[in-house]
Amino acid sequence: MSDALRKLLNTENSPPVITPHVGVLTLHFQLYGCEDLKAKRKVFTALKAIWGKEPDLAVAETADQEALDCATWTIAALGGSSRQISERLDQVEKAIEERVDAAILDVHREIL
């Protein structure tokens, strides 16, 4: 082993460990006038089309998949700090309220 490699391996200046933070936002929606599942899915097209393509977010319908009058969607966000995650989830929640044509009955948020 070369001296340069030995020095590199013995260096105590190792890079800092980055621990990502995860935030989970669960929204429970009330729907009116959906006659079939196709109509229900159309209401939530923006959720998957817009926020599902963001690199720091994961979006999924997590409950009530077969119900026509309600839906539960969960958005998971990944970031470097709890504050960053909280701000991002605030931004996403506000945008969803503006774009999705369904009443939000309940919001649950958790930072891990």
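What comes next is a walk through the structure. Positions within a chain are numbered from 1, following the residues in the order the chain's sequence is written. pLDDT decides what is reported in this predicted model: residues at 70 or higher carry local features, side-chain atom pairs at 80 or more are listed and counted, and totals for whole chains, interfaces and linings draw on all residues regardless. Each side-chain value is worked out from all heavy atoms of the structure, with water and hydrogens disregarded.

## Considerations on the sheet that holds strand 2 (residues 57-63)
The criterion, for reference: Pairing between strands requires that DSSP locate at least two bridges from one strand to the other. Put simply, DSSP marks the helices as runs of H or I at least four residues long and the strands as runs of E at least two long, and each gets a number from the N terminus on. Convention adopted: a line fitted to C-alpha atoms gives each axis, helices being fitted over their contacting stretch, and angles between N-to-C directions are expressed from 0 to 180 degrees. Any two residues having at least one pair of non-hydrogen atoms within 4.5 Å are treated as being in contact.
Strand order in the open sheet made by the four strands is 2-3-1-4, with antiparallel pairing throughout. Each end of this open sheet is capped by a strand with a single partner; those strands are strand 2 and strand 4 (103-111). Neighbour-to-neighbour, the strand axes of the sheet open up by a mean angle of 20°, direction not taken into account. In the sheet, strand 2 pairs with strand 3 (residues 70-79) via six bridges, with the strands oriented antiparallel. Of the residues in strand 3, the one forming a bridge with Val-59 is Ile-75. Relative to the sheet, helix 4 (residues 82-99) contacts strand 1 (21-30), strand 2, strand 3 and strand 4, its axis offset from that of strand 1 by approximately 20°.

## A short note on the environment of Val-92
Definition in use: Exposure categories follow from relative accessible area, calculated using a 1.4 Å probe and restricted to protein chains: below 20% of the type maximum is buried, above 50% is exposed, and the middle band is partly exposed.
With respect to the helices and strands, the residue Val-92 is situated in helix 4. Assessed through its relative accessible area of 1%, Val-92 is described here as buried. Leave out the neighbours within four places in its chain, and Val-92 touches Trp-51, Leu-57 and Ile-75.

## Remarks on the pattern of salt bridges
The criterion, for reference: For this analysis, a salt bridge means a side-chain nitrogen from Lys or Arg found within 4 Å of a carboxyl oxygen belonging to Asp or Glu.
Per the stated rule, a full pass over the model turns up six salt bridges. Across the pair Arg-83 and Glu-87 runs a salt bridge whose closest N-O atoms are separated by 3.1 Å. Taken together, the positions of Arg-83 and Glu-87, both in helix 4 and four residues apart, correspond to about one turn of that helix. Close ionic contact of Arg-109 with Asp-90 constitutes a salt bridge, the shortest N to O distance being 2.6 Å.

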